[in-house]
Amino acid sequence: MSFYGVTDLWTYVLGALGIILLPGPNSLYVLAVATARGVRAGYQGALGVFVGDTVLLMLTALGAASLLRTYPALFMVVKYAGAGYLAWLGVNLIWAAIQKWRSGAETVPETTAVAENMQNPFKRALFISLLNPKAILFLLSFFVQFIDPLYPTPAVPFLILSAVVLVFSFTYLSALIFLGARLAQGFSKRKRLSASLSSGVGGLFIWFGAKLAAASLH
């Protein structure tokens, strides 16, 4: 028995919560922005993630999953573009961390790489969200399983499932933003500790890019 076209709501809720809590490019970028530039910039990044996720959900509702399965070459273009972008961000963060580490405990202005990665957090978070391997695979393999294909109004279950994901995402990102703001206080005088965190985040972005490059629709 379905709930307004959702075949198993509570299983979906638990699964979506678990997927949201798994570390991914979206959450790591928002945390990094909040740590570097504060709560306001963190929420700018979170808004970019929110808009990006909404676009992906709308594309799924319009049949993007079927389109990507019908044209594997299109999926290859999307996944390799996303993998390259995430890897590029990761390399920039690692390079910025190396420069900061070399500066030691001295107070130095932000490197060009850091400034570029933290500039316009909404725009960068939007791109990361649209190319997020976790989000793409979630929508293509998990999300659609909970929609009753026989329900007369397909938009209703899509809205219910989308609302669950977006509420979880906003709550989780808000927690990360305030955590980042707290971390910033400790990192302000510990340049090498901050550099270590940046290099770790950069390495994870490269790993996410590799994961997306190896992703499959099947």
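Residues numbered from 1 in each chain as written. Predicted model: local features only at pLDDT ≥ 70, side-chain atom pairs only at ≥ 80, totals over all residues. Heavy atoms only, no water.

An unreviewed UniProt entry lists the protein under the name Leucine efflux protein LeuE, with Undibacterium parvum as the source organism. Quoted straight from UniProt, the Subcellular location (unreviewed entry) entry for the protein says "Cell membrane". Among the UniProt annotations of the protein, the heading Sequence similarities (unreviewed entry) holds the following wording: "Belongs to the Rht family." (UniProt positions renumbered as here; feature names shortened; annotations may be inferred.)

(A) Quick look at the packing of helix 2 (residues 25-37) against helix 3 (residues 39-61). Axis separation between helix 2 and helix 3 bottoms out at 7 Å; the angle between their running directions is 160 degrees. In this view, helix 2 runs roughly antiparallel relative to helix 3, as classed from their interaxial angle. Of the two possible hands of crossing, helix 2 and helix 3 adopt the one that is right-handed. From helix 2, Asn 26, Val 30, Val 33, Ala 34 and Arg 37 reach across to helix 3, where they touch Val 39, Ala 41, Gly 42, Gly 45, Ala 46, Val 49 and Asp 53. For the contact of helix 2 with helix 3, a count of residues per class yields seven nonpolar, three polar and two charged. (Axes fitted to C-alpha atoms, helices over the stretch in contact; angles between N-to-C directions. Helix = DSSP H or I, 4+ residues; strand = E, 2+ residues; numbered from the N terminus. Parallel < 35°, antiparallel > 145°, perpendicular 65-115°, else oblique. Left-handed = near helix turned anticlockwise from the far one by under 90°. Contact = heavy atoms within 4.5 Å. Nonpolar A, V, L, I, M, F, W, Y, C, P; charged D, E, K, R; others polar.)

(B) Seen up close, the UniProt feature "transmembrane region" (unreviewed entry) in the protein. The UniProt entry lists residues 12-34, 46-68, 80-98, 125-147, 159-181 and 193-210 under the feature "transmembrane region" (unreviewed entry), expressed in the numbering used here. Secondary structure across residues 159-181 divides into 100% helix and 0% strand, with the first and last C-alpha atoms of the span separated by 32 Å.

(C) Quick look at the packing of helix 2 against helix 7 (residues 121-130). Orientation of helix 2 relative to helix 7, taken along the N-to-C sense of each, is 165 degrees, at an axis distance of 9 Å. With respect to helix 7, the axis of helix 2 lies roughly antiparallel. For the pair helix 2 and helix 7, the crossing hand works out as right-handed. Along the contact surface, helix 2 presents Pro 25, Asn 26, Tyr 29, Val 33 and Arg 37, while helix 7 presents Pro 121, Arg 124, Ala 125, Ile 128 and Ser 129. Residues belonging to the contact of helix 2 with helix 7 are distributed by class as follows: six nonpolar, two polar and two charged.

(D) Summary view of the nonpolar core. Tyr 29, Val 30, Val 49, Tyr 85, Ile 128, Leu 173 and Ile 177 are the most contacted members of the largest nonpolar core, which totals 18 residues. Of all the secondary-structure elements, those providing two or more residues to this core are helix 2, helix 3, helix 5 (72-103), helix 7 and helix 9 (155-187). Looking at which element gives the most residues to this core, the answer is helix 2, with five residues. The residues contacting Leu 173, other than those within four sequence positions of it, are Asn 26, Ser 27, Val 30, Ala 46 and Val 49. One finds Tyr 12, Ile 20, Phe 143 and Leu 166 within the second-largest nonpolar core, a separate group that totals 17 residues. (Core = buried A, V, L, I, M, F, W, Y, C linked by side-chain atoms within 4.5 Å. Buried < 20%, exposed > 50% of the residue type's maximum accessible area, 1.4 Å probe, protein only.)

(E) Main features of the environment of Ala 41. Mapped onto the secondary structure, Ala 41 falls in helix 3. Considered as a pair, Ala 41 and Asn 120 are 79 residues apart in the sequence and their alpha carbons are 8.4 Å apart. Beyond its immediate chain neighbours, meaning those up to four positions away, Ala 41 contacts Val 33 and Pro 121.

(F) Inspection of a nonpolar patch on the surface at higher detail. On the surface, a cluster of nonpolar side chains totalling about 280 Å² of accessible area is made up of Leu 47, Phe 50 and Phe 170. For Phe 170, the location among the structural elements is in helix 9. A relative accessible area of 45% means that Phe 170 is categorised as partly exposed. (Patch = residues over 30% accessible without salt bridge, like charges linked within 9 Å, V, L, I, M, F, W, Y side chains within 5 Å. Areas by Shrake-Rupley, 256 points an atom, 1.4 Å probe, with all protein chains shown as cover. Salt bridge = Lys/Arg side-chain N within 4 Å of Asp/Glu carboxyl O.)

(G) Structural context of the packing of aromatic side chains. In the structure shown here, the tally under the stated rule is two aromatic pairs. Centroid distance Tyr 43 to Phe 170: 6.2 Å. Interplanar angle 40 degrees. Geometry classified as tilted. Of the two residues, Tyr 43 sits in helix 3 while Phe 170 sits in helix 9, which places them 127 residues apart along the sequence. Residues Tyr 43 and Phe 178 carry aromatic rings whose centres are separated by 6.2 Å and whose planes lie at 75 degrees to one another, so their mutual orientation is edge-to-face. Here Phe 178 lies in helix 9 and Tyr 43 lies in helix 3, a separation of 135 residues in the sequence. The partly exposed category is assigned to Tyr 43, whose relative accessible area is 27%. Phe 178 sits in the partly exposed class, given a relative accessible area of 46%. (Phe/Tyr/Trp six-rings, centres within 6.5 Å; stacked < 30°, edge-to-face > 60°.)

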